[in-house]
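# Descriptive structure summary
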Amino acid sequence: MQKIIHIDADCFFAAVEMRDRPALKNNPIAVGGDPGRRGVICTCNYHARRYGVKSAMASAHAKRLCPHLLILPPDMAKYRVVSEQMRDIFSEYTPVIEPLSLDEAFLDVSNSDCAAGSATLIAQEIRQRIERELGINVSAGASQLKFLAKIASDWQKPNGLTVIPPGEEQPFLRRLSVSKLPGVGPVMQNKLAGAGITLCEDVLNIGLNSMVFRFGAIGERIFKMSKGIEFGAVAKHSAKKSVSVESTFDHDLSSADDIKQRLPQLISRLRARLPDSRSFSSQFVKIKFSNFTQKTMESRIGASSKHFSDEGFLRLMLAAWHSQKLPARLLGVGVKMSSAHQFGQLELPFDSVKS
Ligand code: TTP
Ligand code: MG
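Residues numbered from 1 in each chain as written. Chains lettered and ligands numbered in written order. Predicted model: local features only at pLDDT ≥ 70, side-chain atom pairs only at ≥ 80, totals over all residues. Heavy atoms only, no water.

### Observations concerning the overall build of the protein chain
Tallying secondary structure elements over the protein chain gives 13 helices and 15 strands in all. Its C-alpha atoms give the protein chain a radius of gyration of 23 Å, within 12% of the compact-globule value 20 Å for 355 residues. Across its three principal directions, the C-alpha atoms of the protein chain cover 65 × 55 × 45 Å. Taken over 355 residues, the protein chain has a buried fraction of 46%. Charged side chains in the protein chain number 47 positive and 35 negative. The centres of these two groups are separated by 5 Å. (Helix = DSSP H or I, 4+ residues; strand = E, 2+ residues; numbered from the N terminus. Rg over C-alpha atoms; globule rule 2.2 N^0.38 Å. Buried < 20%, exposed > 50% of the residue type's maximum accessible area, 1.4 Å probe, protein only. Lys, Arg positive; Asp, Glu negative; His and termini not counted. Charge placed at Lys NZ, Arg CZ, Asp CG, Glu CD.)

### Remarks on helix H6 (residues 146–155)
Most of H6 sits out of view: 7 of its 10 residues are buried. Considered for burial, the residues of H6 that qualify are Lys146, Phe147, Leu148, Ala149, Ile151, Ala152 and Ser153.

### Quick notes on the packing of aromatic side chains
Within this structure, the stated rule accounts for 6 aromatic pairs. Ring centres of Phe308 and Phe313 lie 5.4 Å apart, and the angle between their planes is 55°; on these two criteria the pair is classed as tilted. Each member of the pair, Phe308 as well as Phe313, carries the same accessibility label: buried. Over the aromatic face of Phe106 sits the side chain of Lys146, whose NZ or CZ is 4.8 Å from the ring centroid. A cation over a ring is seen here: Lys336 above Phe284, with NZ or CZ 5.7 Å from the ring centre. (Phe/Tyr/Trp six-rings, centres within 6.5 Å; stacked < 30°, edge-to-face > 60°. Lys NZ or Arg CZ within 6 Å of the ring centre and 35° of its normal.)

### What to know about helix H4 (residues 76–91)
A rise of 1.5 Å per residue sets the reference length of H4, with its 16 residues, at 22 Å; its end C-alpha atoms lie 22 Å apart and thus fit the reference within 8%. Listed in full, the buried residues belonging to H4 are Met76, Tyr79, Val82, Ser83, Met86, Ile89 and Phe90. Each buried residue of H4 lies within a common arc of 135° when the element is viewed along its axis, so the set occupies one face. (Expected span 1.5 Å × (residues − 1). Arc of directions from axis to C-beta.)

### Regarding the domain arrangement of the protein chain
If you check the domain split of the protein chain, you get domain 1 (4–11 + 79–165), domain 2 (13–76), domain 3 (170–226) and domain 4 (239–344). Taking the mean C-alpha position of each, domain 1 and domain 3 sit 27 Å from one another. Listed per partner, the contact involves 6 residues of domain 1 and 7 residues of domain 3. Interface area for domain 1 against domain 3, summed over the two sides, is near 620 Å², with a carbon-plus-sulfur share of 90%. It is Phe147, Ile151 and Trp155 in domain 1 that bury the most area against domain 3; as a group they hold 68% of the surface buried on that side. Taken together, the connections running from domain 1 to domain 3 amount to 0 salt bridges. Linking domain 1 with domain 3 are 0 residue pairs in polar contact (both at pLDDT 80 or more), by the criterion used here. Counted by class, the side of domain 1 that touches domain 3 contains 5 nonpolar, no polar and 1 charged residues. (Domains from an automatic or database assignment. Contact = heavy atoms within 4.5 Å. Buried area = accessible area lost by both parts, 1.4 Å probe. Salt bridge = Lys/Arg side-chain N within 4 Å of Asp/Glu carboxyl O. Polar contact = N/O pair within 3.5 Å; in protein donor to acceptor, adjacent residues only side chain to side chain. Nonpolar A, V, L, I, M, F, W, Y, C, P; charged D, E, K, R; others polar.)

### Some points on the site of ligand 1
Neighbouring ligand 1 are 16 residues, the closest being Cys11, Thr43, Tyr46, Arg49 and Asp103. Contact between ligand 1 and Thr43: an oxygen atom at 2.5 Å from a side-chain N or O atom of the residue. Across the complex, the protein chains shield 75% of the 560 Å² of accessible surface that ligand 1 would expose by itself. At the level of elements, strand S1 (4–9), helix H1 (12–20), strand S3 (41–44) and helix H2 (46–49) are the ones that each hand at least two residues to the shell around ligand 1. Looking at the shell around ligand 1 residue by residue, the class counts come to 9 nonpolar, 2 polar and 5 charged. Looking at the shell around ligand 1, you find at least three residues from each of domain 1 (4–11 + 79–165) and domain 2 (13–76). (Near = heavy atom within 4 Å. Areas by Shrake-Rupley, 256 points an atom, 1.4 Å probe, with all protein chains shown as cover.)

### Quick notes on the coordination of the magnesium ion (ligand 2)
For a metal with four tetrahedral donors the ideal donor-metal-donor angle is 109.5 degrees, while six octahedral donors give ideal angles of 90 or 180 degrees. Within the protein, Asp8 (OD), Ala9 (O) and Asp103 (OD) serve as the donor atoms for the magnesium ion (ligand 2), at 2.0 to 2.3 Å. In this structure, the magnesium ion (ligand 2) is surrounded by 6 donor atoms whose angles at the metal cover 80 to 177°, and the resulting shape is octahedral. Each donor residue of the magnesium ion (ligand 2) belongs to the same chain, with the gaps between them written as D-A-x93-D. Of the two residues, Asp8 is situated in strand S1 and Asp103 in the loop between strand S5 (97–101) and strand S6 (104–108); the sequence distance between them amounts to 95 residues. The class of Asp103 is buried, set by a relative accessible area of 12%. (Donors = N, O, S within 2.8 Å, 3.2 Å for Na, K, Ca; no water. Tetrahedral: all angles 85-135°; square planar, octahedral: opposite > 155°, others 65-115°.)

As structure tokens, this is what we get:
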């Protein structure tokens, strides 16, 4: 029998900051950019969430919702250390770990001998150890179905453990809103609602044929999940496929010269993040314009060279800018790894800095 645990830290960046400054614990705090400089919120503690503060919200807006919100700058190096420490703990229980981001991972404990092989006990032990050894809380979910383990870890957040024992999947699913299923975003939810579907139970009532007829492949997947027959395997190793960096500017860049000037610093930040064994299949750029539209451009790197060039970035960036010729508020540069040189590393959820 497959046994999957999904673990997700509670308000991760903010939790690390509260651990290091316990005096902040009872105040609303966030980690993010400066409100006066177009910063955005990375995350906030649960206290701040009561005011409506959320990830990805403009820091200035967060301050309006919660005027006494303390916004701390992100310290990625520190969060990466905690993320690695979490992974070290996971690896004492199973080698089959699929990290999804710095603070989130699936663990397949089907063959683990720890805690008599009980996923519930392993999840409990991991939660206690992370709290004791790393000083932060994580929520966990366990199920024989991968997607249900993820839904379960969110079920009693923060600091919760939800186990859906074998045999309990169907009753749990029946009352579950389709909005909780992975891959069902607001657009799909609307389409489903249009067909009278809000719960997984409704999906089963409509039946597989009708779901496929109306919604195609995603309809089939939604049906399988609703019926509890979508197992999914934990992908043991996650290879990083691309690396990119970006900057949002205080003042929009209004000319090609302005953009040209900013590029070298961006490229050197990108270089700093790349592994030594470099081999790339393409390089790409991104521009966000003052009207919030965005343009990305990519060019393949020939098999003989395998390396990106500064001139290549400049050419792409200018071509992207010429597509609209509007002031630019954000520039980004990145590379995609050749498949033979992808390197296993956690995908970073946040690598954008202000400059
Ligand atoms: P999440 O796990 O999505 O959020 P969280 O851990 O802060 O809160 P929750 O208790 O709901 O799990 O993301 C993990 C970290 O990734 C988060 O602490 C900060 C970072 N992050 C961003 O930088 N920007 C974002 O938009 C999001 C969603 C997360
Ligand atoms: Mg989290």
